Amino acid sequence: ARDGSDFNIYLDSRMTTAQAGRAIDYLEQGFFSDNLTAAIEIRFLMYNPDLDAIADITIIVGMTEGGATHTSYTIMSMALDDFIDSTSNIVVAMLVTMGAA
């Protein structure tokens, strides 16, 4: 939900498996994720230096009261060639910050 009831946790690609596991445990032990959780949104912002492109990938895992799950996803990608100029670093940083990539 985008109503302020979201709880964000950030996992970094440099985390070990144990560190990522502790972060997920924290969500469960702190009751941020339990049997009443309606959905979990997983979001990746990725940069591919070989293609000079950026992608915003969102996966939503919804859960019903009966325990069934359903998933949906969106992938938005953009080549950075359109932003090559003296301010390209600023433009890309703004796009990533705003989630528009």
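Just so it is clear, the structure is predicted and the values come from calculations on it, not from any experiment.

*Asks:* Help me out: how do you make sense of the pattern of salt bridges in this one?
*Replies:* A side chain with one charge can pair with a side chain of the opposite charge if their charged atoms come near. For the structure shown, the criterion picks out one salt bridge. The salt bridge involving R43 is made with D56; its shortest N-O contact spans 2.6 Å. Placement of the pair is R43 in strand β1 (residues 39-48) and D56 in strand β2 (residues 53-63), with a sequence separation of 13 residues. By relative accessible area, which is 41% here, R43 ends up partly exposed.

*Asks:* I tried to follow the side chain of D56 on my own but got confused; where do I start?
*Replies:* Classification of D56 by relative accessible area gives buried; the value is 1%. For D56, the side chain forms a polar contact with the side chain of R43, separated by 2.6 Å.

Rules and cut-offs
Each residue is numbered by its place in its chain's sequence as written, counting from 1. For this predicted model, a pLDDT threshold of at least 70 governs which residues receive local features, and a threshold of 80 or more governs which side-chain atom pairs are given and counted, while totals over whole chains, interfaces and linings are taken from all residues. Neither water nor hydrogens contribute to the side-chain values; these are computed over all heavy atoms in the structure. Salt bridges are identified by distance alone: a Lys or Arg side-chain nitrogen within 4 Å of an Asp or Glu carboxyl oxygen. What counts as a helix is a DSSP run of H or I of at least four residues, what counts as a strand is a run of E of at least two, and both are numbered from the N terminus. Here's how the labels work: a residue is buried when its accessible area is under 20% of the maximum for its type, exposed when over 50%, partly exposed in between, all with a 1.4 Å probe on protein chains only. Counting of polar contacts relies on pairs of N or O atoms within 3.5 Å, with two restrictions inside protein: one atom must be capable of donating a hydrogen and the other of accepting it, and residues adjacent in sequence are counted only when both atoms are side-chain atoms.

Just distances and angles here, no functional claims.
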